[in-house]
Amino acid sequence: METGNLAEFWGRHRGKIIGVVLGLVFGWFAITYGVLKALFVSLCVLVGYIVGRSLDERLDWRELLARLFKEK
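Calculation criteria
Residues numbered from 1 in each chain as written. Predicted model: local features only at pLDDT ≥ 70, side-chain atom pairs only at ≥ 80, totals over all residues. Heavy atoms only, no water. Helix = DSSP H or I, 4+ residues; strand = E, 2+ residues; numbered from the N terminus. Buried < 20%, exposed > 50% of the residue type's maximum accessible area, 1.4 Å probe, protein only. Contact = heavy atoms within 4.5 Å. Patch = residues over 30% accessible without salt bridge, like charges linked within 9 Å, V, L, I, M, F, W, Y side chains within 5 Å. Areas by Shrake-Rupley, 256 points an atom, 1.4 Å probe, with all protein chains shown as cover. Salt bridge = Lys/Arg side-chain N within 4 Å of Asp/Glu carboxyl O. pLDDT = per-residue confidence, 0-100.

> Quick rundown of the overall build of the protein chain? Include the residues and the values.
Of the regular secondary structure elements, the protein chain holds three helices and zero strands. Its helices and strands in sequence order give the protein chain the pattern α-α-α, from N to C terminus. By residue count, 17% of the 72 residues in the protein chain fall in the buried class. Taking all contacts inside the protein chain whose residues are at least 6 apart in sequence as the whole, residues at least 24 apart take part in 48%.

Put into structure tokens, the structure is as follows:
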């Protein structure tokens, strides 16, 4: 991958990359200490990805919560 492409990739997916890395690191600590190993790592990666994706999309958390809990 060329440097320009790598910088563009990082710029477009920075939040997802950071989120996944943080999820993996947290999951690794869980594995080290024996907490439901593979399931927990999968959950950490998923949560990290979701948080990272929301950072990439500049999601407004208040708007999301308002949509989730609006009165019918």
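> Account for the side chain of Lys16, with residues named and values stated.
Following the sequence through the fold, Lys16 ends up in helix α1 (residues 3-33). In this structure Lys16 touches Tyr49, Gly52, Arg53 and Asp56, once residues within four positions along its chain are discounted.

> Can you tell me about a nonpolar patch on the surface, naming the residues and giving the values?
A cluster of nonpolar side chains, Leu43, Leu46, Val47, Tyr49, Ile50, Val51 and Leu55, forms an exposed patch at the surface whose accessible area comes to about 600 Å². According to the relative accessible area criterion, Val51 is partly exposed, its value standing at 39%.

> So what's going on with the confidence of the model for the protein chain? Residues and values would help.
Residues of the protein chain with pLDDT of at least 70 account for 82%, and the chain-wide mean is 77. Mean pLDDT across the secondary structure elements of the protein chain bottoms out at helix α3 (residues 61-68), with 71, and peaks at α1, with 83.

> Hey, could you go over the environment of Trp28 for me, with residue numbers and the actual values?
With respect to the helices and strands, the residue Trp28 is situated in helix α1. In this structure the C-alpha to C-alpha distance between Trp28 and Val41, which are 13 residues apart in sequence, comes to 7.1 Å.

> If you had to explain the environment of Leu24 to someone new, which residues and values would you point to?
With respect to the helices and strands, Leu24 occurs in helix α1. Taking the C-alpha atoms as reference points, Leu24 and Ser42, 18 residues apart in sequence, are found 8.5 Å from one another. Contact partners of Leu24, with chain neighbours within four places excluded, come to Val41 and Val45.

> Report on the environment of Leu46, specifying residues and quantitative values.
Turning to its location among the elements, Leu46 is positioned in helix α2 (residues 37-56). Between the alpha carbons of Leu46 and Gly23 there is a distance of 7.6 Å; along the sequence they are 23 residues apart.

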